[in-house]
Amino acid sequence: MTATLIDGTAFAATVREKVAAHVARLKEVQGVTPGLAVVLVGDDPASEVYVRSKGKQTVGVGMNSYEHRLPAETSETELLDLIARLNADKDVHGILVQLPLPSHLDESLVINAIDPAKDVDGFHISNVGRLGTGQKAMVPCTPLGCLMMLRDQLGNLSGLNAVVIGRSNIVGKPMAQLLLGDSCTVTIAHSRTKDLPDVARRADILVAAVGRPNFVQGDWIKPGATVIDVGINRIPAPEKGEGKTRLVGDVDFVAAREVAGAITPVPGGVGPMTIACLLANTLTACCRAHGFAEPE
Ligand code: NDP
């Protein structure tokens, strides 16, 4: 059996189309344009790429994009001042501070300074608590994208065994909360988990968010399981030429594809869904701010 490929690129395009249609209606009927402010401190090359891509896609769905690029030596006070201004700005519905921040800045202090209603990354402590207690929250984009793909692939997730490998605050933990919210029986595995292959083999839904190339082996996967590979790892690719690299996930894709029922590729799986969900969150934040009906 060869697994169905879950096409995140195509799915993300449909999410963006829906967002764009909703934005167009908001502009026409209400005269409101959702706005996303992205703050980049320093010149980390990977962050530069993400910020550029976010700005382009924001404009692509008809929203306003506000980019704030600050030098690496920006002080905490300067950054907090900017966040306070963005919190007060009626044209800004979503605020994203690109992580990681330079080491002299306290990430948690900065994230918790964002108005929770504008926290489109869903990292503010109040959104984390709301998600954990089943209240309306801003949900972190990567796990939200994973959940959307799982629902699309499997329909009702109730009662399924889900194993999430990874317990980070940005992926593993919120992913587990979302699956619990959909009534899965959830196991969170991590670096201290005993007999990880056996734990993974119990999963109807296996989410890998580890950050280790090709870590999850084919024989860790229950036949027919749905596998979501969150990992983005760059490895040498001498076959493409000297010094060349390529992206792989946390799952040994070639082996897993022979066992799983469905699987996300890397690239082209979870990655594209993350920015699409950021746009969806910004639209939701805008609708909530104005008391408009929320997108489905
Ligand atoms: P973190 O490094 O914060 O967390 C990794 C998790 O994996 C930790 O909980 C760690 O356990 C666990 N882990 C590490 N080694 C093992 C092991 N040998 N066995 C079991 N568990 C292990 O990473 P992130 O959650 O931020 O990201 C995970 C991956 O997802 C990365 O490749 C990242 O690039 C990618 N990513 C992709 C995104 C996308 O848009 N597609 C967005 C965000 C991340 P412990 O806690 O015990 O140390």
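None of the values given here were measured: they were computed from a predicted structure.

**Details of the overall build of the protein**
Then, in step 1: The number of helices and strands found in the protein is 10 helices and 11 strands.
Then, in step 2: For 296 residues, the compact-globule formula gives about 19 Å, and the C-alpha radius of gyration of the protein, at 19 Å, lands near that figure.
Then, in step 3: Along the longest, intermediate and shortest principal axes, the C-alpha atoms of the protein span 50 × 45 × 35 Å.
Then, in step 4: Across the 296 residues of the protein, 44% fall into the buried class.

**What about the UniProt feature "binding site: NADP(+)" (unreviewed entry) in the protein?**
Then, in step 1: The feature "binding site: NADP(+)" (unreviewed entry), as annotated in UniProt, sits at Gly166, Arg167, Ser168 and Ile232 in this numbering.
Then, in step 2: As for its position among the elements, arginine 167 is in the loop between β5 (161–165) and α7 (172–181).
Then, in step 3: Take arginine 167: there are 17 C-beta atoms within 10 Å of it, and that puts it in the partly exposed class.
Then, in step 4: By the element assignment, isoleucine 232 lies in the loop between β8 (226–229) and β9 (233–236).
Then, in step 5: When the 18 C-beta atoms within 10 Å are taken as the criterion, isoleucine 232 is described as partly exposed.
Then, in step 6: Look past the residues within four positions of isoleucine 232 in its chain and what remains in contact with it is Leu247, Val266 and Gly271.

**A short note on the domain arrangement of the protein**
Then, in step 1: Parsing the protein into structural domains produces domain 1 (31–115) and domain 2 (141–272).
Then, in step 2: Relative placement of domain 1 and domain 2: their C-alpha centres are 29 Å apart.

**Re the nonpolar core**
Then, in step 1: Formed by 91 residues in total, the largest nonpolar core has its most connected members in Val164, Ile165, Leu206 and Val207.
Then, in step 2: Counting residues per element, this core draws most heavily on helix α10 (residues 270–290), at 11 residues.
Then, in step 3: The residues that make up this core include at least three from each of domain 1 (31–115) and domain 2 (141–272).
Then, in step 4: Ignoring sequence-local partners within four residues, the contact set of valine 164 consists of Gly172, Met175, Ala176, Val186, Ile188, Ala189, Val207 and Ala209.

**Focus on the sheet that holds strand β1 (residues 4–5)**
Then, in step 1: Across the sheet, 6 strands lie side by side as β1-β11-β8-β7-β5-β6; this open sheet has parallel pairing. Two strands bound the open sheet, and with one partner strand each, they are β1 and β6 (185–189).
Then, in step 2: When strand β7 (residues 205–208) meets β8, the two strands line up parallel, connected through 4 bridges. Residue pairing in the sheet places leucine 206 in a bridge with valine 227 of β8.
Then, in step 3: Lying on the sheet, helix α6 (residues 141–154) is in contact with β7, β8 and β11 (262–263); it crosses β8 at an angle near 160 degrees.

**With respect to the site of the ligand**
Then, in step 1: The environment of the ligand is made up of 25 residues, and the closest members are Ser168, His190, Ser191, Gly211 and Thr274.
Then, in step 2: Among the elements that take part in the shell around the ligand, α10 stands out by supplying 3 residues, more than any other.
Then, in step 3: Residue composition of the shell around the ligand, by class: 10 nonpolar, 12 polar and 3 charged.

**Considering the UniProt feature "domain: Tetrahydrofolate dehydrogenase/cyclohydrolase catalytic" (unreviewed entry) in the protein**
Then, in step 1: Residues annotated by UniProt as "domain: Tetrahydrofolate dehydrogenase/cyclohydrolase catalytic" (unreviewed entry) correspond here to residues 6–121.
Then, in step 2: Overall, residues 6–121 shows 49% helix and 16% strand. The separation of its end C-alpha atoms is 24 Å.

**Concerning the sheet that holds strand β3 (residues 64–70)**
Then, in step 1: Pairing within the open sheet is parallel, and its 3 strands lie in the order β3-β2-β4. The sheet is open, and its two edges are formed by β3 and β4 (94–97), each paired on a single side. On average, each strand axis in the sheet is inclined to that of its neighbour by 15 degrees, with strand direction left out of account.
Then, in step 2: With 7 bridges connecting them, strand β2 (residues 35–41) and β3 associate as parallel partners. Bridge pairing in β3 places valine 39 opposite histidine 68.
Then, in step 3: Its contacts with the sheet place helix α2 (residues 45–60) against β2 and β3, and it is angled at close to 170 degrees to β2.
Then, in step 4: Where helix α3 (residues 76–88) meets the sheet, it contacts β2, β3 and β4, and its direction lies at approximately 180 degrees from that of β2.

**Notes on the pairing of β7**
Then, in step 1: Along β7, one buried face is formed by Ile205 and Val207 and the opposite face, lined by Leu206 and Ala208, is buried too.
Then, in step 2: Here 4 bridges tie β5 to β7, and the two strands are oriented parallel to one another. Bridge pairing in β7 links valine 164 to valine 207.

**Observations regarding the confidence of the model for the protein**
Then, in step 1: Averaged over all residues, the pLDDT of the protein is 97; the fraction at 70 or higher stands at 100%.
Then, in step 2: Here the complex is predicted with pTM 0.97, and the ipTM for its interfaces comes to 0.99.

**Remarks on the packing of α2 against α10**
Then, in step 1: Where α2 meets α10, the closest approach of the two axes is 10 Å, and the angle between their N-to-C directions is 50 degrees. Classified by the angle between their axes, α2 and α10 sit oblique to one another. Crossing handedness for the pair α2 and α10: right-handed. When α2 is examined against α10, the residues Ser53, Lys54, Gln57 and Thr58 are found in contact with a partner set consisting of Ile275, Leu278 and Leu279.
Then, in step 2: Taken together, the residues of the contact of α2 with α10 sort by class into 3 nonpolar, 3 polar and 1 charged.

About the thresholds
Residues numbered from 1 in each chain as written. Predicted model: local features only at pLDDT ≥ 70, side-chain atom pairs only at ≥ 80, totals over all residues. Helix = DSSP H or I, 4+ residues; strand = E, 2+ residues; numbered from the N terminus. Rg over C-alpha atoms; globule rule 2.2 N^0.38 Å. Buried ≥ 20, exposed ≤ 12 C-beta atoms within 10 Å, placed from the backbone. UniProt positions renumbered as here; feature names shortened; annotations may be inferred. Contact = placed C-beta atoms within 7 Å. Domains from an automatic or database assignment. Core = buried A, V, L, I, M, F, W, Y, C linked by C-beta atoms within 7 Å. Pairing = 2+ DSSP bridges. Axes fitted to C-alpha atoms, helices over the stretch in contact; angles between N-to-C directions. Near = placed C-beta within 6 Å. Nonpolar A, V, L, I, M, F, W, Y, C, P; charged D, E, K, R; others polar. pLDDT = per-residue confidence, 0-100. Parallel < 35°, antiparallel > 145°, perpendicular 65-115°, else oblique. Left-handed = near helix turned anticlockwise from the far one by under 90°.

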